[in-house]
Structure formats: structure tokens, C-alpha cells
Amino acid sequence: MKTEYLDRIRCERLRNRVTGAAEAASWIKDGMTVGMSGFTRAGDVKLVPAALAERARREPLKITLLTGASLGNDTDKLLTEAGALARRMPFQVDPVLRAAINRGEVMYIDQHLSETVEQLRSRHIKPVDVAVVEAVAITESGAIVPTTSVGNSASFAILADKVIVEINLAHTTGLEGLHDIWIPKKRPLREPIPVMSVEQRAGTPAIEIPPEKIVAIVITDQPDSTSSVLPPDEETAAIAGHLVRFFEDEILKGRLTSSLLPLQAGIGSIANAVLAGFVHSPFHHLTMYSEVLQDSTFDLFDAGKLEFASGSSITLSPERSAQVFRDFDRYRDRLVLRPQEVSNHPEVIRRLGIIAINTALEADIYGNINSTHVGGTHMMNGIGGSGDFARNAYLSVFATKATAKGGKVSSIVPMVSHVDHTEHDVDIVVTELGLADLRGLAPRERAEVIIDRCTAEPYKTMLREYVAEAQQRGGQTPHVLEKAFAWHQRYRETGSMLAGD
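Predicted model, so just to flag it, every value in this text is computed and none were measured. (Residues numbered from 1 in each chain as written. Predicted model: local features only at pLDDT ≥ 70, side-chain atom pairs only at ≥ 80, totals over all residues. Heavy atoms only, no water.)

A few points about the UniProt feature "domain: Acetyl-CoA hydrolase/transferase N-terminal" (unreviewed entry) in the protein chain
Annotation from UniProt places "domain: Acetyl-CoA hydrolase/transferase N-terminal" (unreviewed entry) at residues 16–218. With 21% helix and 18% strand, residues 16–218 has its two end C-alpha atoms placed 11 Å apart. (UniProt positions renumbered as here; feature names shortened; annotations may be inferred. Helix = DSSP H or I, 4+ residues; strand = E, 2+ residues; numbered from the N terminus.)

Section: the pairing of strand β3 (residues 85–89)
The two faces of a sheet get side chains in turn, since along a regular strand they alternate between them. With four bridges connecting them, strand β2 (residues 63–66) and β3 associate as parallel partners. Across the sheet, Thr64 pairs through a bridge with Arg87, a residue of β3. On the question of chirality, the crossover connecting β2 to the parallel β3 by way of helix α4 (residues 75–81) is right-handed. Note: β3 against strand β4 (residues 107–108), two bridges, orientation parallel. Its bridge partner lying in β4, Arg87 is registered against Met107. Read from β3 through helix α5 (residues 95–102) to β4, the crossover connection turns out right-handed. (Pairing = 2+ DSSP bridges. Right-handed = clockwise from strand over helix to strand, strands pointing away.)

Description of the packing of aromatic side chains
Evaluated as defined, the whole model comprises nine aromatic pairs. An angle of 80° between the planes, with centres 6.3 Å apart, marks the rings of Phe247 and Phe283 as edge-to-face. With a gap of 36 residues between them, Phe247 in helix α8 (residues 234–252) and Phe283 in the loop between α9 (269–276) and β11 (286–289) connect regions that are remote in the sequence. Judged by centre distance (5.9 Å) and plane angle (55°), the rings of Phe298 and Phe301 are tilted. On the criterion of helical spacing, the pair formed by Phe298 and Phe301 is a turn pair, its members being three residues apart in helix α10 (residues 295–302). As far as the burial class goes, Phe298 and Phe301 line up, both buried. One aromatic cluster is present, built from ring pairs that chain together Phe246, Phe247, Phe278 and Phe283. (Phe/Tyr/Trp six-rings, centres within 6.5 Å; stacked < 30°, edge-to-face > 60°. Buried < 20%, exposed > 50% of the residue type's maximum accessible area, 1.4 Å probe, protein only.)

Some words on the sheet that holds strand β8 (residues 162–168)
The strand order across the open sheet formed by seven strands is β4-β3-β2-β1-β5-β8-β9, and the pairing between neighbours is parallel. A strand with exactly one partner marks an edge of an open sheet, and here the two such strands are β4 and β9 (214–220). One ladder, built from six bridges, connects β8 with β9; its direction is parallel. Bridge pairing in β9 links Val165 to Ile217.

Let's talk about the environment of Ser321
Secondary-structure assignment places Ser321 in helix α11 (residues 318–326). As a C-alpha pair, Ser321 and Glu176 span 145 residues in sequence and 18 Å in three-dimensional space. Non-local contacts of Ser321, meaning those with residues more than four positions away in its chain, are made with Thr226 and Leu316. (Contact = heavy atoms within 4.5 Å.)

Let's talk about the pairing of strand β1 (residues 33–36)
On β1, burial covers both faces: Thr33 and Gly35 on one face and Val34 and Met36 on the other are all buried. Judged from the three bridges that link them, β1 and β2 form a sheet pairing that is parallel. By the bridge assignment for β2, Thr33 is matched with Thr64. Sheet topology places β1 next to strand β5 (residues 130–135); three bridges connect them, and they run parallel. The residue bridging Val34 from the neighbouring strand is Val130, located in β5.

Notes on the packing of α8 against α9
Their axes nearest at 8 Å, the elements α8 and α9 cross at an angle of 55°. For the element pair α8 / α9, the angle class is oblique. Between α8 and α9 the crossing geometry is right-handed. Across from Thr236, Ile239, Ala240 and Leu243 in α8, the residues of α9 making contact are Ile270, Ala273 and Val274. (Axes fitted to C-alpha atoms, helices over the stretch in contact; angles between N-to-C directions. Parallel < 35°, antiparallel > 145°, perpendicular 65-115°, else oblique. Left-handed = near helix turned anticlockwise from the far one by under 90°.)

Focus: the UniProt feature "domain: Acetyl-CoA hydrolase/transferase C-terminal" (unreviewed entry) in the protein chain
Taking the UniProt record as the reference, the feature "domain: Acetyl-CoA hydrolase/transferase C-terminal" (unreviewed entry) is found at residues 325–466. Along residues 325–466 one finds 28% helix and 25% strand; the C-alpha atoms at either end are 53 Å apart.

Some points on the layout of surface pockets
Roughly 200 Å³ of internal volume is contained in the second largest pocket. Around the second largest pocket sit 15 residues that line it, and Thr148, His171, Asp224, Ser321 and Phe325 are the ones nearest its centre. A per-class count over the lining of the second largest pocket returns six nonpolar, seven polar and two charged. (1 Å grid on protein atoms, 1.4 Å probe; cavity = no way out; pocket = protein on both sides within 12 Å on 5 of 7 lines; lining within 4 Å. Points joined across faces, edges and corners; volume = space filled by probe spheres on them. Nonpolar A, V, L, I, M, F, W, Y, C, P; charged D, E, K, R; others polar.)

Brief notes about unusual backbone geometry
Cis geometry is found at the peptide bond from Met89 to Pro90, where omega equals 0°. Note that the residue after Arg187, namely Pro188, is joined by a cis bond; omega there is 5°. Here Pro188 shows up in the loop between β8 and β9. Despite not being glycine, Asp74 shows a phi value in the positive range, around 60°. For Asp74, the position within the fold is in the loop between β2 and α4.

What to know about the side chain of Thr19
With respect to the secondary-structure elements, Thr19 resides in the loop between α1 (2–8) and α2 (21–25). Overall, Thr19 belongs to the buried group, its relative accessible area being 18%. Ignoring sequence-local partners within four residues, the contact set of Thr19 consists of Ala24, Ala216, Ile217 and Val218.

What about the sheet that holds strand β24 (residues 412–413)?
Remark on secondary structure: sheet strands pair via backbone hydrogen bonds, oriented parallel or antiparallel. Ordered by their spatial adjacency, three strands build an open sheet running β18-β17-β24, and the pairing between neighbours is mixed. Either end of the sheet is taken by a strand with one partner, and the two such strands are β18 (369–370) and β24. By the bridge criterion, two bridges tie strand β17 (residues 362–364) to β24 in an arrangement that is parallel. When the sheet's bridge partners are listed, Ala363 is paired in β24 with Ile412.

Here's what the structure looks like:
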């Protein structure tokens, strides 16, 4: 074990910085802002946050925690239960933390994932005092080689006063060379991002910082948490089928080729299942420019459909994770992991012409999307990167099942209870029932096609009645304001959006 971890710390003068997790965590003080690596349960630090939570149970300790996205290994749960979180951004998925956020105990800032380090760089939010970053290795020059995610790790390490590194022996050294660390300059002297194609590299394979900033190194041997996405089902297969037929029609009309354009898919069961449905599609020589590379990415590789994938993290199911990292050499030369401010940057998304496929909690009759709040008030996870992609994509697709809770909730409503993506940023709404192409349609036309093609009965009839009454009142975007949230109110009071339930 000793030789193995020394081989991972190739900068000899840093080898004396190896210490235990509790001692490393002692660099983090009450009131500090801490940046931790981790993006959708991948590449997150394991031991230092657990030691921090243990300390917070014994003494007053509250921090502002910044990450790339969600953490694995129950880190958010441990820190929440220990009372260690005062403030959290920009994304989370933990049920315990979610409950604390909705009780108002933890102040949560839900951000577009491309924007967090921009705000740090511009000093719009408090600076990072300590960065805690998981690594495969530290190079001879003291550069940090990330593991299965980049996220915001690079900027945290660059901007922080002090850096703690967790060397994780559970990760294969084959990850070294996978990363492309490119950091934009401060405004107004910023040059264009030199990424002109999905596979192009612009930066360095490791996070280059002065080695003296590394104050502690912790050795761990703990794998990432695996994803909890559900396998495709009949409804997600139907959603994929509608999209495949839509893209086939776009090819016939000369707007796309059989290679489509670079694909992005949001995290979660629906988006992952939809992309998995492309395995049996007529498309080939596909590329991906996304945030999270999920099971579907490697399904497409194995089917011979996908040529190259760029992302910010790799998050896989238990079975897929074991297979991919056992056979990593099969995929390594067709992958790159970037900082999320590059993977999610509007400039690159618009340049490459991304086809963005994300998930909605609910959509309304005019194409506005709620991705984050249940009943307009209670946070689920966060907007993530969906806004980065939706506004700047060649095609912005939002997918959802037509109903939830056994049919007691309609995912298509008169007015969404919270707006994350306005009608101006949404091109396609698709459910298992059908696909609504909203391009070039005025609000009244959008309502007609969304109700007709995406909505389940009896909600379809209910929406038609609502629209008829709204149109009698007139307006560019007709509504009956006193009834716009009646379905949500009925669900809150009775547990069903259906009248009479």
C-alpha cells in the first residue's frame, strides 16, 4: 500500500504532506467557504467531509459548501445531519439535505452549472478558502490529476488559498490523460474557447497549481457511488421512439444528417433511457457533448453508434461501472472530461449546435418548463446544466412522462408552478403519448399541439376547456388567472389533480 500511494505522489516534496482525514479537515474552520470536487456522484472526496461532519457534531462548525454538482457517499446527508452546512450551491440530490433546504435550515442557491466559478472569479460570491479535491495522482510538478469528474475542481484549486488532496487508490491510473483542463481568463481580456469540435482538446491533462498550496494529502481506497437511474421502461421507450421518428423526419427535410449533431442528455432515468433508445435507431457516427456520461453513452459506444463523447463526469450504474472500468482501454481514446464551465459553456454549445435532451417535472400549455420545484415551492434537486444547454442548443428537447402518482398528477398543466425554462427556450416537448414541435408556433398554436399530442386523458379534455375559457378573455397568451393553479391547489388539498377524487 505504501509503495502504491507513493507512486501516485510523484512530486517528492509533497510526500511528507500525507496525513489522516481528521488532521486534514482541521484546516477547515467555522464560517469558511469550502469547494469540494464531485459532479453527479462522481469524483467526490470521501474521507475529509466525513471527518468534518464528525467534528461538527462535537463543536460549532458551519461552512458554505460549493461543489460541481451532486455528491455521492451520503456526504450531503452526513454534513446536514451534523449541522455543518450553512449554505450550499449549486446542485444537490440528497433527500436529507433537500428536506433541510425546504425547512429553511440550509440556504440553497440553485445555479446554472456554468456560472458558479464565474461568480467566484468575479468576486460576486465569497472566495473559496479551502479546496478539497479527489485525485488519481499528483504529477512531478505538483499538478493534480482528477478522477472521474472535473466539475469545478480545477477552479476551486486555482482560486483557493489552501488545497487538500484525496488520492483515491480505487480509481484506475488509466484515467490519467483523460482530462482537458482549460480555464478562461478574467473578463474583459477573455479569448474565445478553443474548442471547435467535440473531440478537440484545448488545455492540460492535470490541474496546475503551485505545489505549496497543497497543505494535506489523504489516502483513500473508496469507489464512487454508483448512479440510481432506473432501466428503460415502456413509457421511456415510447418517448425515445417519438424522438427517433422526429429526427428521421428532420433528416428527410434536409435539416440534419444521419449523424445528427452532438447530443447532450441531462442526468436521470428518463434522459438516460431516451438516449439508450438510440441504440436501435438508424443514426450512426454520433457524437456527444454533455455534462454527465451515463450508461447510455457506453451503450451507444458498444452498439457502434457513438464516435466520441465529451463530458464533465462519468456516472454509471453498478453493473456498467464494473464493466467500463474493467475494460477502460476500450473507451479511453474516445472520451474527454472537461471543467463544467467549458462542458456547459453557451459559446461552445451554440457553436457546435447541440441537440439537448433534458427532463421536466412539468410543462404548461405554452411550453414553459418547471425542472426544480414541486408545487412551486419545494425544491427537488436544482436546475443543473439544463438551462445552459436549453437556451443555446440547436434543438432544445424536454421529456417527461405524461402523468405521475398513478395518474393523479398531470405533467402538462395550465401554468407551471415554477418557471426554470421559458417558452422561448423550448423547441420540443415529448411524452410517451407524442411529440409537440413548437418551433415557429405562437402561444395559441403551442397550446393546441401540446394538449393534442402530449397530454393524457382526462387532463386533455380539462385543458381544452381551460383554453376555451381563457381565449374568450383574449390576450397573446390567454389564461384564466384565478384558475391557472387550480390543479396544483387541488392536488395539495386532495392528493389528486383530478376533480372529484
